[in-house]
Amino acid sequence: MRATLLASLVALGLLGPSPGATDKIPIGAIFEQGTEEVQAAFKYAMLQHNQNITARRFELQAYVDVINTADAFKLSRIICSQFSRGVFLMLGAVNPDSFDTLHSYANTFQMPFVTPWFPEKVLAPSSGLLDHAISMRPDYHKAIIDVIRYYGWRKIIYLYDSHDGLLRLQQIYQGLQPGNDSIQVETVKRLQNVSDAINFLHNIEELSRWTPKYIVLDCPTEMAKEIVVSHVRDITLGKRTYHYLLSGLIMDDRWESEVIEYGAINITGFRIVDTSRRYVREFLEGWRKVESGIQSNTGTAIQRDTISAQAALMYDAVSVMIEVFNKLLRKKPDMFRSNVRRGQVFNNGSRGLECNYSKNWVTPWEHGDKISRFLRKVELDGLTGEIRFSEDGRRTNYTLHVMEMTVNSAMVKVAEWTDEKGFTPVAAKYVRLKPFAEIERNRTYIVTTIEEAPYIMMKTTEPGEVLTGNDRFEGYCKDLADLIAKKLDIRYELRIVKDGYYGSENSDVKGGWDGMVGELVRKEADIAVAALTITRARERVLDFSEHFMDLGISIMIKKPAKQAPGVFSFMLPFGREVWAAIFCAYLFVTCVMYIAHCWRQTVAKPRVNITRIHDFDLAQNLVTQLGLRLKINLWMMQIISKMKIFFGIKRN
């Protein structure tokens, strides 16, 4: 595999001598198998630089290895082989298992190492010195949290396919802040394959069919595509109650617009390459021309109308490396002259970097520390936007684009996220869904229906009259079907549903539904035209048109007639029974007060020399209950006060 890639690099002029070249800078590159697009972006970046003879200061000489194992021993031999060639810098696109070994060698020998992405868990150098590895991919854990909060999700389901995905969930947890807008992770599931994901969704559907389900999907692009397509094609799974958030930078990959399943469900994701920029458009055009030339020679067909985030990051990694060496040679043109003798690279007097551990010490790359520090000072515009690094080798001042998939399987930008400003919504430019341009007019569509007056009825025939086909029916739905067929210029055949049911879930029937719904699910009919009620269960398996009739629940009451106010209108707020109860209570309290007064006069002894002014008889009790007192000079004011209280009660 390594010899094949080296041969292709020589064919492109990356390794061969070039007239006018002043310096040759050897670099090493290690790729994991299955990263063909990343390798193609690497080769194109090298080709662009080496073919620019008039402007370049040096020529890049690449040594490439492609590995298919995470065996640390085999990887160590490959790394030592690269070091022995005297490489000045390493690039690599490997899985997290291989990364730790490569990272350890880079820090031990002070070899600058540029990678498109870091794993989620990267150990810092134990010595506390400078980390000689930098990552081109920015951290976007906060972006995931902000998108979840933007949509108002309180509970999420997290699905992942690798150990790195679980570590990403841990980073998301650590990025959460306490407060009212906290996020609860209901379920965490590691996926083995697409079937495992669909089976898990079936379990969720059985537990809570109608509740919204917000799924954070952490997996590669191809697996995410298969999960979405399988979900949409499964009629037993809901569509409108699901919303996928693709946590990786996989919206930069090519999502085929002809696959209509992508637009049948809610999908949101991130994109780092802004294809509207002129720089990106010119890159894609140039890459397409180069690839088309290779395709004509090899006979392979590769479409280069887009670029994945991983490939774009690798292209930017090469650009960063070129910028660093340009700065170093601009500052000190003969910086590497002493290291190259008779076509061989020497380090501190010895050829290459020696990986011999028998001496219990290693000789680091003499320019490694300086190159690594210059890497952190690079500032340029790449395919992935503005490129800057922090002191720990992480990207800063970057922008992510939040994309949504529309109903016509096209992407639309709904927001931007930056590490400085956070989440910023933008006005989405949705593209209207294009109508179907072709309708099969050379076929007869089967329309299922059910007898129900006045929608579909059997037409009454005259004596001796024989009706066939659609002429046997009449009613509102029959007229509606005729108008639709005339508008679309198609033929149709009306058929009464076999079992006579509208359609309900039935596990004993093929497809899980009986009636007209079952015939549509089993594709025994193309359309149903009937007085079929739209329910949530039916919406899961059918696409309904706009309803032609809306039957709501109404309550009718008689409108009260207006009456002119009379003398006794004040009694209207209460019924006769209430007034009777008030009067009886009035008499009862009066009698009780009178009896109590009489009992007191009988039992208690009157005091001597006290003249009784009056007796508290029954009549006075009646007056007292009305709120009046005897011997009150301002009796008129008392009457007005009581009337005000009385009529105030009436108003309330």
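Residues numbered from 1 in each chain as written. Predicted model: local features only at pLDDT ≥ 70, side-chain atom pairs only at ≥ 80, totals over all residues. Heavy atoms only, no water.

Novice: Before we go on, may I ask you to explain the nonpolar core in this structure?
Specialist: Soluble globular proteins: nonpolar side chains tend toward being buried together. With 106 residues, the main nonpolar core has Phe42, Phe83, Phe325 and Phe336 as its most contacted residues. In terms of residue count, helix H10 (residues 309-331) provides more of this core than any other element does, 15 residues in total. Listed in part, the 31 residues of the second largest apolar core include Leu217, Ala224, Ile265 and Met405. (Core = buried A, V, L, I, M, F, W, Y, C linked by side-chain atoms within 4.5 Å. Buried < 20%, exposed > 50% of the residue type's maximum accessible area, 1.4 Å probe, protein only. Helix = DSSP H or I, 4+ residues; strand = E, 2+ residues; numbered from the N terminus.)

Novice: Before we go on, may I ask you to explain helix H11 (residues 368-375) in this structure?
Specialist: Along an α-helix, a turn takes 3.6 residues, which lines up residues three or four apart on a common side. Buried within H11 we find Gly368, Ile371, Ser372, Phe374 and Leu375. Down the axis, H11 shows its buried residues gathered within 160 degrees of arc, on one side only. The secondary structure elements touched by the buried residues of H11 are strand E3 (89-93), strand E4 (113-115), strand E5 (133-135), H10 and strand E15 (385-389). (Arc of directions from axis to C-beta. Contact = heavy atoms within 4.5 Å.)

Novice: Would you mind going over the packing of helix H5 (residues 141-151) against helix H6 (residues 163-175) with me for this structure?
Specialist: Describing two packed helices takes the angle between their axes plus the distance from one axis to the other. Contact pair H5 / H6: the axes reach a minimum separation of 9 Å and the direction vectors enclose 65 degrees. Between H5 and H6, the angle is such that the two are roughly perpendicular. For the crossing formed where H5 meets H6, the hand is right-handed. Where H5 abuts H6, its residues His141, Ile144 and Ile145 lie against Arg168, Gln171, Ile172 and Gly175. Of the residues contributing to the contact of H5 with H6, the split by class is three nonpolar, three polar and one charged. (Axes fitted to C-alpha atoms, helices over the stretch in contact; angles between N-to-C directions. Parallel < 35°, antiparallel > 145°, perpendicular 65-115°, else oblique. Left-handed = near helix turned anticlockwise from the far one by under 90°. Nonpolar A, V, L, I, M, F, W, Y, C, P; charged D, E, K, R; others polar.)

Novice: Is there a simple way to think about the sheet that holds strand E11 (residues 340-341) in this case?
Specialist: Picture the strands of a sheet paired through backbone hydrogen bonds; they go either parallel or antiparallel. On the basis of which strands lie adjacent, the open sheet formed by three strands has the order E11-E12-E13 and antiparallel pairing. Of all strands in the sheet, those with a lone pairing partner are E11 and strand E13 (350-351), marking the two edges. (Pairing = 2+ DSSP bridges.)

Novice: Even after reading the chapter, I still don't get a nonpolar patch on the surface, so can you show me in this structure?
Specialist: Taken together, the side chains of Tyr476, Phe548 and Met549 make up a nonpolar region of the molecular surface, amounting to roughly 280 Å² of accessible area. Judged by relative accessible area, which is 35%, Phe548 ranks as partly exposed. (Patch = residues over 30% accessible without salt bridge, like charges linked within 9 Å, V, L, I, M, F, W, Y side chains within 5 Å. Areas by Shrake-Rupley, 256 points an atom, 1.4 Å probe, with all protein chains shown as cover. Salt bridge = Lys/Arg side-chain N within 4 Å of Asp/Glu carboxyl O.)

Novice: Where do I start with the pairing of strand E2 (residues 59-67) in this structure?
Specialist: Working note: regular strand, side chains alternate between the two faces of the sheet. Counting buried residues along E2, eight of its nine residues qualify, which places the element largely inside the surrounding structure. Relative to E2, strand E1 (residues 24-32) runs parallel, the two sharing nine bridges. When the bridges of E2 are listed, Ala29 appears paired with Val64. Between E1 and its parallel partner E2, the chain crosses via helix H2 (residues 36-51), and the hand of that crossover is right-handed. (Right-handed = clockwise from strand over helix to strand, strands pointing away.)

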